Amino acid sequence: KAGVTQTPRYLIKTRGQQVTLSCSPISGHRSVSWYQQTPGQGLQFLFEYFSETQRNKGNFPGRFSGRQFSNSRSEMNVSTLELGDSALYLCASSLGLGDRDYGYTFGSGTRLTVV
Amino acid sequence: KQEVTQIPAALSVPEGENLVLNCSFTDSAIYNLQWFRQDPGKGLTSLLLIQSSQREQTSGRLNASLDKSSGRSTLYIAASQPGDSATYLCAVRGGGTSYGKLTFGQGTILTVHP
């Protein structure tokens, strides 16, 4: 079965621009989470969506936002990009409600470079 | 606030050695713990998932144990191979307000040389 698909794989943006990243979860998975990975901070949780609702949110500024569609696909948006937003952005999917004993499957990530 | 620590930060071993990677966490109220592997520039590949009620899980040459009360997990790799070279990450899934969030350690960079 298909895994978690993230597009695009690579992005180069200029400071001040905005960017939208996309994630398609495994078929049947209803929960999508987003993580930012940088060499200095490691993997940090951005937010999680389940059934089109944000269920949990990490400690990031309001420039980082997301949404989930009825088919469980998710997008995250970063506005007014800063150099420090350069990172690998990873999406993970899980079954969703009642899945406390199940794990997460990650996508290959989107590498964002802000110049 | 959950904190996850992995020791050692880096490890270099000759091929064929058995090795142990360590992970500790500060809040024992977890639902599960997951070990991942990450190759340079790539996403995360799940290796093993241990539920809070379990003590260990095995997959091939990998064995992971969990001692929830002491906040520790170990990943044992038997007969290491150069293809095992990667960064290994452990992540815990908490409950309550942390439900749905994984907290990661900083990882152990493993190099297995021929």
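Preceding block: the structure.
Every residue gets a number counted from 1 within its own chain, in the order that chain's sequence is written. Each chain is given a letter, starting from A, and each ligand a number, starting from 1, according to the order in which they appear as written. Note on the predicted model: pLDDT of at least 70 is required for a residue's local features to be given, and 80 or more for side-chain atom pairs to be given and counted; whole-chain, interface and lining totals, by contrast, use all residues. Note: side-chain values were computed over all heavy atoms of the structure, leaving out hydrogens and water.

> Could you give an account of the overall build of chain B, naming the residues involved and the relevant values?
Helix and strand assignments come from DSSP, with helices taken as H or I runs of at least 4 residues and strands as E runs of at least 2, each series counted from the N terminus. Scanning chain B from N- to C-terminus turns up 0 helices and 11 strands. For chain B, the α and β elements follow one another from N to C terminus as β-β-β-β-β-β-β-β-β-β-β. Over its C-alpha atoms chain B spans a radius of gyration of 14 Å, differing by no more than 12% from the 13 Å that the globule rule assigns to 114 residues. The dimensions of chain B, computed from C-alpha atoms along their principal axes, are 45 × 30 × 20 Å. Note on classification: 1.4 Å probe, protein chains only; a residue is buried when its accessible area is under 20% of the maximum for its type, exposed when over 50%, partly exposed between these limits. Burial status across chain B gives 44% buried among its 114 residues. Contact between two residues is taken to exist if any of their heavy atoms lie within 4.5 Å; hydrogens are not considered. Considering only residue pairs separated by 6 or more positions, chain B has 54% of its internal contacts joining residues 24 or more positions apart. The charge count treats Lys and Arg as positive and Asp and Glu as negative. His and the chain ends do not count. For this purpose, a charge sits on NZ of Lys, CZ of Arg, CG of Asp or CD of Glu. A distance of 8 Å separates the average location of the 9 positive side-chain charges in chain B from that of its 8 negative side-chain charges. Our radius of gyration looks at C-alpha atoms and nothing else; its globule reference is 2.2 Å times the residue count to the power 0.38.

> Lay out the sheet that holds strand β1 (residues 4-7) of chain B with the relevant residues and their values.
All names here are of chain B. Ordered in space as β1-β3-β8-β7-β6, the 5 strands form an open sheet in which the pairing is antiparallel. Either end of the sheet is taken by a strand with one partner, and the two such strands are β1 and β6 (56-59). Across the sheet, the mean angle from the axis of one strand to that of its neighbour is 15°, orientation sign disregarded. Two strands qualify as a pair provided that DSSP identifies no fewer than 2 bridges between them. In terms of strand pairing, β6 meets strand β7 (residues 62-67) through 4 bridges, oriented antiparallel. Its bridge partner lying in β7, S59 is registered against L62. Note on definitions: angles span 0 to 180 degrees between N-to-C directions of axes, and those axes are lines fitted to C-alpha atoms, for helices only across the stretch in contact.

> Residue-level account of the sheet that holds strand β8 (residues 74-78) of chain A, with values.
All names here are of chain A. Pairing within the open sheet is antiparallel, and its 4 strands lie in the order β1-β3-β8-β7. In this open sheet, the two edge strands, each paired with only one partner strand, are β1 (5-7) and β7 (64-68). Taken pair by pair, the neighbouring strands of this sheet meet at an average axis angle of 20°, ignoring direction.

> So what about the side chain of R37 of chain B? Which residues, and what values?
All names here are of chain B. Mapping R37 onto the fold places it in strand β4 (residues 30-38). A relative accessible area of 16% means that R37 is categorised as buried. Here the side chain of R37 touches S85 through a polar contact of 3.4 Å, landing on its backbone oxygen. Leave out the neighbours within four places in its chain, and R37 touches G43, L44, T45, L47, G83, D84, S85, A86, T87 and Y88. In protein, a polar contact requires one atom able to donate a hydrogen and another able to accept it; more generally it is a pair of N or O atoms within 3.5 Å, and residues adjacent in sequence count only if both atoms are side-chain atoms.

> Explain the interface of chain A and chain B to me, using residue names and the numbers behind them.
Each side of the interface is counted separately: chain A has 26 residues, and chain B has 22 residues. For this analysis, a salt bridge means a side-chain nitrogen from Lys or Arg found within 4 Å of a carboxyl oxygen belonging to Asp or Glu. At the boundary of chain A and chain B, one finds 0 salt bridges. Where the side of chain A that touches chain B is concerned, the elements lending two or more residues are β4 (31-38), β5 (42-50), β6 (53-57) and β9 (87-94) of chain A. Tallying contributions element by element places β5 of chain A first for the side of chain A that touches chain B, with 4 residues. Tallied by class, the residues present in the side of chain A that touches chain B amount to 8 nonpolar, 11 polar and 7 charged. As a working rule, the residues Ala, Val, Leu, Ile, Met, Phe, Trp, Tyr, Cys and Pro are called nonpolar, Asp, Glu, Lys and Arg charged, and the rest polar, with Gly in that last group.

Read these as geometric descriptors, not functional statements.
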